[in-house]
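What the coordinates show
Here is what each chain is made of, one letter per residue.
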Amino acid sequence: MSSSNRDKQNATAPQPIPSTAAQNRRNSFTGWSHSIFGMPSGRMQQGASGGVSPPMAYPLHTAHTFSGKDSATSLPGNAPPSAFSGIGLFRRLSTSQAQQQTAVTAIPEPTAAVAALDNAVGMHDQLELRKNAHPLPKTLEEVRSVDDTPPSRPDSRMRNLMLSAKMHRKVIIVGSGPAGHTAAIYAARANLEPMLFEGMMAGDVAPGGQLTTTTDVENFPGFPEGIMGGELTDKFREQSVRFGTEIVTETVTRVDLGMRPFKLWREGADEDKDEADTCDALIIATGATAMRLHIKGEDEYWQRGMSACAVCDGAAPIFRNKRLVVIGGGDSACEEATFLTKYASHVFIAVRRDVFRASSIMAKRAMNNPKITVLWKTHVIEAKGDGNVLTHVVLQDAETKQCRDLEVSGLFYAIGHTPNTAFLGSQLEADATGYLLVKPGSTVTNIPGVFAAGDVQDKRYRQAITAAGSGCMAALDAEKYLEDLAAEEQEKASKL
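Residues numbered from 1 in each chain as written. Predicted model: local features only at pLDDT ≥ 70, side-chain atom pairs only at ≥ 80, totals over all residues. Heavy atoms only, no water.

1. So, the overall build of the protein chain
Looking only at helices and strands, the protein chain features 13 helices and 21 strands. Of the contacts formed within the protein chain by residues at least 6 apart in sequence, a portion of 59% connects residues at least 24 apart. Counting only carbon and sulfur atoms, one obtains 52% of the accessible surface of the protein chain, whose full area is about 25100 Å². (Helix = DSSP H or I, 4+ residues; strand = E, 2+ residues; numbered from the N terminus. Contact = heavy atoms within 4.5 Å. Areas by Shrake-Rupley, 256 points an atom, 1.4 Å probe, with all protein chains shown as cover.)

2. A word on the pairing of strand β9 (residues 262–266)
By the criterion of burial, β9 is predominantly enclosed, with 4 of the 5 residues buried. Pairing analysis gives 4 bridges linking strand β8 (residues 252–256) to β9, with the strands arranged antiparallel. Bridging across to β9, V255 finds its partner in L264. In sequence, β8 turns back onto β9 through a hairpin of 5 residues. The pairing of β9 with strand β10 (residues 277–284) spans 3 bridges and is classified as antiparallel. Counted as the bridge partner of L264 is D277 from β10. (Buried < 20%, exposed > 50% of the residue type's maximum accessible area, 1.4 Å probe, protein only. Pairing = 2+ DSSP bridges.)

3. Section: the sheet that holds strand β15 (residues 372–375)
Strand pairing in a sheet relies on backbone hydrogen bonds, with the paired strands running either antiparallel or parallel. Reading across the sheet, the 5 strands line up as β12-β19-β13-β14-β15 and stay open at both edges, with parallel pairing between neighbours. A single partner strand is all that each edge strand has here, and the edge strands are β12 (306–307) and β15. Summarising the sheet, strand β13 (residues 323–327) and strand β14 (residues 346–350) pair through 5 bridges and their orientation is parallel. Residue V326 lies in a different strand from β14, and its bridge partner there is I349.

4. Points about the packing of aromatic side chains
Following the criterion strictly, the structure yields 7 aromatic pairs and no others. A connected cluster of aromatic rings, assembled from ring pairs, spans F220, F223 and F236. For the cation-ring pair, R189 lies above F243, with the distance from its terminal atom to the ring centre recorded as 5.3 Å. The side chain of R292 reaches across the aromatic face of W302, ending 3.7 Å from its centre. (Phe/Tyr/Trp six-rings, centres within 6.5 Å; stacked < 30°, edge-to-face > 60°. Lys NZ or Arg CZ within 6 Å of the ring centre and 35° of its normal.)

5. Overview of the side chain of T341
Relative to the helices and strands, T341 resides in the loop between α11 (331–340) and β14. Classification of T341 by relative accessible area gives buried; the value is 11%. Aside from chain neighbours lying at most four places away, what touches T341 is V347, N369, K371 and I372.

6. Examining the state of the cysteines
Scanning all chains against the criterion turns up 1 disulfide. C309 shares a disulfide with C312; S-S distance 2.1 Å. Taking the sign of the S-S torsion, 65° for the link of C309 and C312, the bridge is right-handed. (Disulfide = S-S within 2.5 Å.)

7. Re helix α13 (residues 464–495)
End to end, α13 covers 47 Å across 32 residues, agreeing with the expected 46 Å (1.5 Å per residue, within 8%). Among the residues of α13, those classed as buried are A464, A467, A468, S470, G471, C472, A474, A475, A478, Y481, L482 and L485. Buried residues along α13 sit against β3 (168–174), α7 (178–189), β10 and β21 (450–452). (Expected span 1.5 Å × (residues − 1).)

8. Observations concerning the packing of α11 against helix α12 (residues 360–367)
It is the contact of α11 with α12, at a shortest axis distance of 9 Å, that shows an interaxial angle of 35°. In this structure, α11 meets α12 at a crossing whose hand is left-handed. In this structure, α11 contributes D331, C334, E335 and T338 to the contact, and α12 contributes M362, A363, R365 and A366. Among the residues forming the contact of α11 with α12, the class breakdown is 4 nonpolar, 1 polar and 3 charged. (Axes fitted to C-alpha atoms, helices over the stretch in contact; angles between N-to-C directions. Left-handed = near helix turned anticlockwise from the far one by under 90°. Nonpolar A, V, L, I, M, F, W, Y, C, P; charged D, E, K, R; others polar.)

9. Side note on the sheet that holds strand β16 (residues 378–385)
Overall, antiparallel pairing links the 3 strands, which are arranged β16-β17-β18 in an open sheet. Each end of this open sheet is capped by a strand with a single partner; those strands are β16 and β18 (403–407). The mean inter-strand angle of the sheet, taken between neighbouring strand axes irrespective of direction, is 30°. In this sheet, strand β17 (residues 390–397) lies alongside β16 in antiparallel orientation, the contact comprising 7 bridges. What sits directly across from V380, in β17, is L395.

Spelled out as structure tokens, the structure:
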């Protein structure tokens, strides 16, 4: 259409009724999120403009969030920004009799919108969009006649089946901590189209792993002011989604690594009847869960004076120049107590027996430290506080059963970790405590194509930054494995 004809058409076309109040509302409100299939189950996350939008874990999901700009759109994880550029939605804003004016955002022709959406939604959605497409309303009366009722949603399990259909992937990652998400970011950037199972309260821990149980994280590079553990894991997730990782909020409960492709079954699946997810390369990044005693008061004061990682939390202001107690009798207890003396005024080690299980050198180091007192044959049976933070613990003598209070501002468990490997069924080589064994200097396990990253194979450092590093290694190892596999298959095909 020529510019002169377009000017004539615009001059004769009905114009929306102007409204200063409506325009102001339009510039300040955050609109409702609209999804083709409705919101999938999973965590909510902050949209690009501050609105709440669904997790965007699957390629079929689209969510639009408005902040006064017609193109302010929160994109699905696997859709490029160009797929949704310029697409807007209109909505009637009528909250009172004095606010009956309507703000209409600029919307491209329905056919153009459908064409753009074709790149991001499934065939079912495309057919529905074309079937329900209607001319753009141009007047106030036409806008008021539009039915803007959100689409009905199928139940959550049906949505999960639709949005995360089981099919073959090049790479599947099990685990959603720093190791799993770093592996996902590297794999996605290498165009391996990874799927990541983040688990649904696997090991009684939320998706994101042990970091979700930590408050201030001050030793992860890039955050000079520190960052909350849960916020950091959310950023990991957002970055994985940004590069195209497909995230499934379900727990893998069984795998078959006997032959390639590897098979994985989700929680609740019937191995004989239900189809398995399959992949050519598998990265295990399920981490290790810190053991806890679950004493009285623990739920109330966990992360408010109680922790399972002295190296992670010991330098926090809440523990500086305070009396602390470490529970345990092994190397970890001695090492963490010694570490805490850098910040605490004094450290107690509660040992249930009359001797350390720790190595001789570690035990001597702890006992010779003037800032450490060992409490032999002692159990910690209760944590108490002022309702906000821990103030003291109750000790019980292992022999006499007599109890007494000990004033401390912090309690640290150092009684070991349990690697989350039960779902593997002893198919991978592990040490006596269950940690997966890998080839030194790599993440390669005893089964070609299966890689282990993070705390599930690291019983020494157990830090977020070291887990992230091993996640990078696992993705690179998997990429090299798949390249070699493709070359080998191509060579075989050329000989036929």
